[in-house]
Each structure stands twice: as structure tokens, then as C-alpha cells.
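An overview of the molecular structure
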Amino acid sequence: MKHEIGITQPEYLIEDWPGKYDFFSWLEYVVSVPNPIFLITTRKANGAPNACLHSWGLLVGDRDNYSSLLALLDHHHTYANILREGEWCVNFPSFECYPQCFETIYCNADDNDEISEAGFTVEPAQTVQAPRIAECAVNLECRLEWERPLYAGNRWHLLAGRVSHVAMDESAMAPDPVERMRDMSLMYNVRSTVNPLDGQQYGPNGLGLLSQVVKVFTDDGHPKGWRVETRGQ
């Protein structure tokens, strides 16, 4: 049975930590579609490396433009750094790096090297001044194209950056997508969940890993089960 759910937050919903439904829509915990986890790296005002553990963004583009689209809160260091410097790097860590990823949250300060203090290694980028993380198998170097609030007066802002360079470790280059996803071991942000009917909450947040990658196409590019018929003339 499918239920129709209004977008207005119900009064019976109770936060399990202060500000939960101020910073994030309650529907994020209802819909609960996982996003991949990545680290945004920028330079602070003093030039020190900044690292932001994040999962609100996507990659999109056409023939001559591959872009990183980020959603950031306007009071974060990363947002200020990008507006000032006009560039950033997107770094995709493997599950093995999750302790260092979460350490970036706790070593957050105004003037320190958050990458090194979290246990990662700073790696110079090729086309931007923002640092990369050496332990991440895929690094995207990005230059800011535009920035705007999600809507007027909203604290969430969208930032689009054109990818100017890509670095990939050989471990992320397997031609078979099943093998590549297994080797990359990407993490996904699995949100705690809310039952929209009664407000019951289940948590906390978790990390998701791809457990199955299914090939749905045949070697000649057709969906499996697609029958190609050849008619004589």
C-alpha cells in the first residue's frame, strides 16, 4: 500500500539531536536514498589544508564539461574557502579510510592542517591550489563556475565547479565495472530513518557499501533478455 506524504514536518516528530531538522529536511530521513561519501579539500585563509567529509553533491556533464555540483551550508569553512579561492578538490575514499575520514570532523580548526592531522597525506594538485588526499583513489580538481542559494534566504547553497583535472590510482581503473566497484570500496551515507506515519526513528547514521553490482547488458550492449531478430530480405 502506497501512502501519500505531505512535505510539512509533522508536529509529533522529535529531534534526537539539537538542530537535526533545522540543518536537514525531515524528508531526508524519510526518503533515505544513500549518497556517496567524499572529502572536499580546500585551502584555508592562511593556506593550510581544509578537509570536509561530505555526501551532498553529484557529478554531471556533457562532452566538453564534467562538473562537480555541491550543496553546502553557508556557515561552513569549506563554503567560505571556495568563495575566496574559487577552487576545490573532490576526493573519494575507500572504506578502509573511514577512521581518517571521521577524524577530519574532530580536528576542525581555523588554521591547522586538517588532512595531515586526520592521518591522511597531503598531495599537490596539478591545476588548482587546493590540496588533494593521496590515499583517495580518485581525485577531481574543480574550478568554481557559479554559486547560488538553494532558494532565497536559504542557508544551503549550490556551487558548480568545472573539473579541470582528474587523478586516478591504478586500483580504480579495472575495465570491468564489477571489479572496479569492488576495488574502490566506496562508502555511502546511509541516514537514520523516520517512519513518516508515526514519527518513530531508527538510527544512528551508518555507512553503506555496494554489495552487488549486476550486469544488465549483454556484451553487444543490449539489455539482458532483449532479443535481436534478423529478418531476411
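These remarks concern the structure in this document. Remember, it's a predicted structure, so these values are computed and weren't measured experimentally.

Parameters and conventions
Residues numbered from 1 in each chain as written. Predicted model: local features only at pLDDT ≥ 70, side-chain atom pairs only at ≥ 80, totals over all residues. Heavy atoms only, no water. Pairing = 2+ DSSP bridges. Helix = DSSP H or I, 4+ residues; strand = E, 2+ residues; numbered from the N terminus. Axes fitted to C-alpha atoms, helices over the stretch in contact; angles between N-to-C directions. Contact = heavy atoms within 4.5 Å. Buried < 20%, exposed > 50% of the residue type's maximum accessible area, 1.4 Å probe, protein only. Patch = residues over 30% accessible without salt bridge, like charges linked within 9 Å, V, L, I, M, F, W, Y side chains within 5 Å. Areas by Shrake-Rupley, 256 points an atom, 1.4 Å probe, with all protein chains shown as cover. Salt bridge = Lys/Arg side-chain N within 4 Å of Asp/Glu carboxyl O. Phe/Tyr/Trp six-rings, centres within 6.5 Å; stacked < 30°, edge-to-face > 60°. Lys NZ or Arg CZ within 6 Å of the ring centre and 35° of its normal. Core = buried A, V, L, I, M, F, W, Y, C linked by side-chain atoms within 4.5 Å.

**Some thoughts on the sheet that holds strand β3 (residues 49–54)**
- Pairing within the open sheet is antiparallel, and its seven strands lie in the order β3-β2-β6-β9-β10-β5-β4. Bordering the open sheet on either side are β3 and β4 (57–62), each of which pairs with just one other strand. Ignoring which end each strand starts from, the neighbouring axes of this sheet average 30° apart.
- Packing against the sheet, helix α4 (residues 98–106) makes contact with β2 (38–43) and β3, and its axis sits at approximately 115° to β3.

**Notes on the sheet that holds strand β1 (residues 35–36)**
- Reading across from one edge, β1-β11-β14 is the order of the three strands in this open sheet, with antiparallel pairing throughout. Edge positions in the open sheet fall to β1 and β14 (206–209), since each of these has one partner strand only.
- In terms of strand pairing, β1 meets strand β11 (residues 187–190) through two bridges, oriented antiparallel. In the strand pairing of β11, P36 is matched with Y188.

**Observations concerning unusual backbone geometry**
- A cis amide bond links G203 to the next residue, P204, at an omega of 5°.
- One can find P204 in the loop between β13 (201–202) and β14.
- Despite not being glycine, S32 has its phi angle at roughly 50°, a positive value.
- Relative to the helices and strands, S32 resides in the loop between α2 (27–31) and β1.

**Concerning the environment of K44**
- Tracing the backbone through its elements, the reader meets K44 in the loop between β2 and β3.
- K44 sits in the buried class, given a relative accessible area of 3%.
- C-alpha of K44 to C-alpha of E147: the two residues are 103 residues apart in sequence and 19 Å apart in space.
- With sequence-adjacent residues up to four places away left out, K44 is seen in contact with P49, N50, N81, R84, E85, A109, D110, D111, N112 and E114.

**A closer look at the side chain of E141**
- Here E141 is to be found in strand β9 (residues 138–149).
- Look past the residues within four positions of E141 in its chain and what remains in contact with it is W88, C89, A125, Q126, T127, V128, R132, R162, V163, S164 and H165.

**Section: a nonpolar patch on the surface**
- Judged by side-chain polarity, F95, Y98, F102, I105, Y106, L207 and L209 come together as a nonpolar surface patch covering roughly 650 Å² of accessible area.
- Looking at the nonpolar patch element by element, the count peaks at four residues for α4.
- Checked against the element boundaries, L207 lands in strand β14.
- The exposure class of L207 is partly exposed, given its relative accessible area of 31%.

**Focus: the packing of aromatic side chains**
- For the structure on display, the rule yields seven aromatic pairs.
- Summarising the aromatic geometry, the rings of W17 and F24 are spaced 6.4 Å apart at their centres and angled 75° between planes, so their arrangement reads as edge-to-face.
- W17 sits in the partly exposed class, given a relative accessible area of 35%.
- Judged by relative accessible area, F24 falls into the buried class, the value being 13%.
- Both rings, one in F24 and one in W56, keep their centres 5.3 Å apart while their planes meet at 25°; by these two values the pair is stacked. In this pair, F24 sits in the loop between α1 (20–23) and α2 while W56 sits in the loop between β3 and β4, placing the two residues 32 residues apart along the sequence. For the pair F24 and W56, a shared accessibility class is recorded, and that class is buried.
- Grouping aromatic residues by their ring pairs yields a cluster made of W17, F24, W56 and W156.
- Taking the ring centre of Y29 as reference, the NZ or CZ of K20 above it sits at 4.3 Å.
- One Lys or Arg, R191, reaches over the ring of F24 and ends 4.5 Å from the middle of that ring.

**Remarks on the nonpolar core**
- Of all hydrophobic cores here, the largest spans 20 residues; its most connected members are I40, L70, L72, W88, V90, F92 and L140.
- Counting only elements with at least two residues in this core, the list comes to β2, β5 (65–73), α3 (77–85), β6 (87–92), β9 and β10 (156–168).
- The contact partners of I40, leaving out residues within four places of it in the chain, are N50, A51, C52, H54, L70, L72, T78, W88 and C89.
- Core analysis: the next-biggest nonpolar cluster, separate from the first, contains 13 residues, L39, A51, C107 and M187 among them.

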